[in-house]
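Summary of structural features
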Amino acid sequence: MKITEAKSAYYKQYQKFSFAAADVAKQKEEAEKNARLHPEKADDFNKQAATLEISLEALNKQKEEYMDHHEKICEMECAYANMIASQQQSEAMEESAAEELKILETARRIMK
């Protein structure tokens, strides 16, 4: 799997958990609202809200794990890009040094 593919896959999972967490948060708010509006069924709605809170915490934990993986992959991508840039600079310096050597050799021959 390429870095860009992995980055995309982890970000999609992060988005999936973000949307799911938003849905669960809405459901939890609705349960809390219903508990206030219907005091006779408040226990049921409070239990539902508590269950949804646990689900929300689990979703947020998963979401953060995927974001951590995504960030690590981004760091790897940056390190790889820096490595390529360093190699290119090294190759350019080698070519430059070879040209300077030719110039110095030519100058040495002329000075004889």
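Everything that follows concerns the structure shown earlier in this document.
All of these numbers come straight from a predicted model, not from anything done at the bench.

1. Notes on the environment of T106
Take T106: it is sitting in helix α2 (residues 42-111). C-alpha separation for the pair T106 and Y66, spaced 40 residues apart in sequence, amounts to 60 Å. There is a polar contact of 2.8 Å between the side chain of T106 and the backbone oxygen of K102.

2. Let's talk about the packing of helix α1 (residues 3-37) against α2
It is the contact of α1 with α2, at a shortest axis distance of 8 Å, that shows an interaxial angle of 160°. In this view, α1 runs roughly antiparallel relative to α2, as classed from their interaxial angle. Crossing of α1 against α2: the hand is left-handed. Looking at the contact of α1 with α2 residue by residue, the class counts come to 23 nonpolar, twelve polar and six charged.

3. What to know about the nonpolar core
Formed by F17, A21, V24, L52, L56 and L59, the largest nonpolar core amounts to six residues. At the level of secondary structure, the elements contributing two or more residues to this core comprise α1 and α2.

4. Focus on the pattern of salt bridges
Enumeration according to the criterion identifies six salt bridges in this entry. The partner of K28 in a salt bridge is E32, with the nearest N and O atoms 3.3 Å apart. Linking K28 with E32, this pair stays in helix α1, spanning four residues, or about one helical turn. A relative accessible area of 18% means that K28 is categorised as buried. Relative accessible area serves as the criterion here: at 29%, E32 is assigned to the partly exposed category. E53 is paired through a salt bridge with K28; the nearest N and O atoms lie 3.0 Å apart.

What counts, and at which threshold
Residues numbered from 1 in each chain as written. Predicted model: local features only at pLDDT ≥ 70, side-chain atom pairs only at ≥ 80, totals over all residues. Heavy atoms only, no water. Helix = DSSP H or I, 4+ residues; strand = E, 2+ residues; numbered from the N terminus. Polar contact = N/O pair within 3.5 Å; in protein donor to acceptor, adjacent residues only side chain to side chain. Axes fitted to C-alpha atoms, helices over the stretch in contact; angles between N-to-C directions. Parallel < 35°, antiparallel > 145°, perpendicular 65-115°, else oblique. Left-handed = near helix turned anticlockwise from the far one by under 90°. Nonpolar A, V, L, I, M, F, W, Y, C, P; charged D, E, K, R; others polar. Core = buried A, V, L, I, M, F, W, Y, C linked by side-chain atoms within 4.5 Å. Buried < 20%, exposed > 50% of the residue type's maximum accessible area, 1.4 Å probe, protein only. Salt bridge = Lys/Arg side-chain N within 4 Å of Asp/Glu carboxyl O.

The values are spatial; any link to function lies outside them.
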